[in-house]
Amino acid sequence: MQFLFIDNEKLCVYKDGKVTEHESSYIKKYREASLTSARNSEWKRRGRTEMLLNEGFFDDNEEVYARLYDVAPTIKENELIYSFAVNDSSGVYLKYLNDEKNLEAHLITSNQVDFTSLFAAKDNLLACVKKGSVAGDIAIFSKDGSEYKSVTAGDSLDENPSVDERGNILFNSYGVARDANNNFLWYSDSEICRLNLITMEMETVLSEQGLSFVKPIEFDGGLYYIKRPTEEKERSNVFLDILMIPVRIVQGIVGFVSAFTTIFSGKPLVSEGKKSNGRSLAKNYKKDEQRLFVMNNLIKVDRELERNQKFADYGFIPRTWKLARLDANGEKEIFSGVADYCVLEDGTLIFTNGKHLFSFDGEKVKKILDTNCCIKVSSSAPSVYRLASVFGDL
């Protein structure tokens, strides 16, 4: 058994019980270049004596935001494709797994769009191309990966493309709600759509009010997907809320008095203590790492881990996110708390709950591997289905 997955910032290959990890050479070099540039600028801005007395002046990851979006296979076993974002740019690169001299090859980069979810079809790569931070289209890439053409459009987020048995494109689509000034408000329910590449007609395959269906994959006469509530309901402890009313009133009074004092005296009511350097501030801000965006939702990792700890091999994905299959016999829910999944050539499902990877052979679920933070998995071979139309005909 072989598949691909992303664990934190590592591109991983699982093969017959063994995991090999690879890093993005592009992101590594970007960070090194940013560190060098920042240090050079710091030497110019600050005195030499001060610099020598403060060796820990710069945090090497301080000014670089990086994220691996997705990973996909190629027709060659020792290659993979991945998409990423680094600060204000995004791209798709080809990774050579067994070539020490040529680690990676550039396919495409942009400062205008983000390349997020990927899918490797028989002859082409599909991707979601996000325009700005809200809307996105499904695009088909040329065989060399250097250019693409969008096949969907509109004020919606179309993502997670795949190819069905007839060569059509399946994907999920979120509607975008905006205010009178065209500012983004929220995403509406995600529905599963099918695009016929011959007629360019689109149909809705699966939709239900209050639910979002994401990442559709058709295999062996059935449709797999993850379904979740569009809005997660917060659990409330009414008794605790009543007890906390006096505390919150006192907090409000103290906050008002502190603000009043700061405005008229220039000093806060309570001292903040000694100043922290950049490194200690970075340690404090690591709390933000416990919040992750998964399927366009902000996940509070610690909270979900606490909620799920009564279950075996639990993760940080809400239990209301369910992997399911729909066929002629109706819908069957396979597993709860799923962030992502893929279908192998023999029909085996691989899926993750953020902390563990599992397999499902049609009869039972088996835990394969523990991870640190895995929210993306992919088959290690391109889909057996071929697009009904090639890039040049679109």
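1. Topic: the overall build of the protein
Consideration 1: Helices and strands together make up the secondary structure of the protein, namely 6 helices and 26 strands.
Consideration 2: Counting across all 394 residues of the protein, residues that qualify as buried make up 45%.
Consideration 3: In the protein, once contacts between residues fewer than 6 apart in sequence are set aside, the share between residues at least 24 apart is 46%.
Consideration 4: Taken as a whole, the protein presents about 22200 Å² of accessible surface, with 49% of it coming from carbon and sulfur.

2. Overview of helix 6 (residues 301-308)
Because the α-helix completes a turn every 3.6 residues, residues three or four places apart line up on one side.
Consideration 1: Residues of helix 6 that are buried include every one of Val 301, Glu 304 and Asn 308, and no others. Angularly, the buried residues of helix 6 cover 70 degrees about the axis, an arc narrow enough to put them on a single face.

3. Regarding the sheet that holds strand 26 (residues 376-379)
Consideration 1: Taking strand neighbours across the sheet as the criterion, the 4 strands line up as 3-2-1-26 in an open arrangement whose pairing is antiparallel. The open sheet has two edge strands with one neighbour each: strand 3 (18-23) and strand 26. When strand polarity is set aside, the average angle formed by the axes of neighbouring strands in this sheet is 25 degrees.
Consideration 2: Taken together, the 6 bridges between strand 1 (residues 2-7) and strand 2 (residues 10-15) define a ladder with antiparallel strand orientation. Note on strand 2: the bridge partner recorded for Leu 4 is Val 13.

4. Some words on the pattern of salt bridges
Consideration 1: If you walk through the whole model with that rule in mind, you get 18 salt bridges.
Consideration 2: As a salt-bridge pair, Glu 104 and Lys 95 come within 3.4 Å of each other at their nearest N and O atoms.
Consideration 3: For Glu 104, a relative accessible area of 18% corresponds to the buried category.
Consideration 4: One salt bridge in this structure joins Lys 367 and Asp 370, with 3.0 Å as the shortest N-O distance.
Consideration 5: Each of Asp 164, Arg 194, Glu 203 and Glu 218 takes part in one network of salt bridges that share partners.

5. Re the confidence of the model for the protein
Consideration 1: Considering every residue of the protein, the mean pLDDT works out to 83; 77% of them sit at 70 or more.
Consideration 2: Scored below 50 in pLDDT, residues 50-61 shows 17 contacts in the model against residues more than four places distant or in partner chains.
Consideration 3: Taken together, the stretch residues 234-240 has pLDDT below 50 and engages in 4 contacts with residues farther than four places along the chain or on a different chain.

6. Considerations on the packing of aromatic side chains
Consideration 1: Counting across every chain of the model gives 17 aromatic pairs.
Consideration 2: Geometrically, the ring pair formed by Phe 213 and Tyr 225 is edge-to-face, given 5.5 Å between the ring centres and 80 degrees between the ring planes. In this pair, Phe 213 sits in strand 16 (residues 211-219) while Tyr 225 sits in strand 17 (residues 222-229), placing the two residues 12 residues apart along the sequence.
Consideration 3: Members of the aromatic cluster, joined through ring pairs, are Tyr 26, Tyr 30, Tyr 82, Phe 84 and Tyr 93.
Consideration 4: Its guanidinium or amino end placed over the ring of Tyr 341, Lys 215 lies 5.5 Å from that ring's centre, counting from NZ or CZ.
Consideration 5: When the ring centre of Phe 311 is taken as origin, the NZ or CZ atom of Arg 319, which lies over that ring, is 3.8 Å away.

7. Points about the side chain of Ser 90
Consideration 1: Structurally, Ser 90 can be placed in strand 6 (residues 89-96).
Consideration 2: Residues in contact with Ser 90, not counting those within four places in the same chain, are Tyr 69, Phe 84, Ala 85, Ile 108, Thr 109, Ser 110, Val 113, Asp 114 and Phe 115.

8. Let's talk about the environment of Lys 332
Consideration 1: With respect to the element layout, Lys 332 can be found in strand 21 (residues 330-336).
Consideration 2: The partly exposed category is assigned to Lys 332, whose relative accessible area is 47%.
Consideration 3: Put simply, Lys 332 and Tyr 224 are 108 residues apart on the chain and 9.5 Å apart in space, counted from C-alpha to C-alpha.
Consideration 4: Residues contacting Lys 332, with those up to four places away along its chain left out, are Leu 323, Ala 324, Arg 325, Phe 360 and Gly 362.

9. A short note on the nonpolar core
Consideration 1: If you look at the biggest cluster of nonpolar residues, it comprises 46 residues, and the most contacted ones within it are Ile 169, Val 294, Tyr 341, Leu 349 and Phe 351.
Consideration 2: Ranked by residue count, the leading element in this core is strand 13 (residues 169-178), at 4 residues.
Consideration 3: Once residues lying within four places of it in the same chain are set aside, the contact partners of Tyr 341 are Lys 215, Pro 216, Ile 217, Tyr 224, Tyr 225, Ile 226, Leu 323, Leu 349, Ile 350, Phe 351 and Val 377.
Consideration 4: If you look at the next biggest cluster of nonpolar residues, it comprises 16 residues, including Val 92, Val 113, Ala 120 and Phe 141.

10. Quick look at the sheet that holds strand 21
Consideration 1: Here 4 strands make up an open sheet; going across it, the order is 16-17-20-21 and the pairing antiparallel. Every interior strand has two partners, whereas the edge strands, strand 16 and strand 21, have only one. Here the average twist between neighbouring strands, direction ignored, is 25 degrees.
Consideration 2: Across 5 bridges, the pairing between strand 17 and strand 20 (residues 322-327) is antiparallel. When the bridges of strand 20 are listed, Tyr 225 appears paired with Ala 324.

11. Some details on a nonpolar patch on the surface
Consideration 1: Taken together, Phe 184, Leu 185 and Trp 186 make up a surface patch of nonpolar side chains, about 310 Å² in accessible area.
Consideration 2: Structurally, Trp 186 can be placed in strand 14 (residues 184-195).
Consideration 3: With relative accessibility at 52%, the residue Trp 186 sits in the exposed group.

12. Describing the pairing of strand 20
Consideration 1: Pairing of strand 20 with strand 21, which is carried by 6 bridges, proceeds in the antiparallel orientation. Within the sheet, the bridge partner assigned to Leu 323 lies in strand 21 and is Phe 335.
Consideration 2: Connecting the antiparallel pair strand 20 and strand 21 is a turn made up of 2 residues.

Scoring rules and cut-offs
Residues numbered from 1 in each chain as written. Predicted model: local features only at pLDDT ≥ 70, side-chain atom pairs only at ≥ 80, totals over all residues. Heavy atoms only, no water. Helix = DSSP H or I, 4+ residues; strand = E, 2+ residues; numbered from the N terminus. Buried < 20%, exposed > 50% of the residue type's maximum accessible area, 1.4 Å probe, protein only. Contact = heavy atoms within 4.5 Å. Areas by Shrake-Rupley, 256 points an atom, 1.4 Å probe, with all protein chains shown as cover. Arc of directions from axis to C-beta. Pairing = 2+ DSSP bridges. Axes fitted to C-alpha atoms, helices over the stretch in contact; angles between N-to-C directions. Salt bridge = Lys/Arg side-chain N within 4 Å of Asp/Glu carboxyl O. pLDDT = per-residue confidence, 0-100. Phe/Tyr/Trp six-rings, centres within 6.5 Å; stacked < 30°, edge-to-face > 60°. Lys NZ or Arg CZ within 6 Å of the ring centre and 35° of its normal. Core = buried A, V, L, I, M, F, W, Y, C linked by side-chain atoms within 4.5 Å. Patch = residues over 30% accessible without salt bridge, like charges linked within 9 Å, V, L, I, M, F, W, Y side chains within 5 Å.

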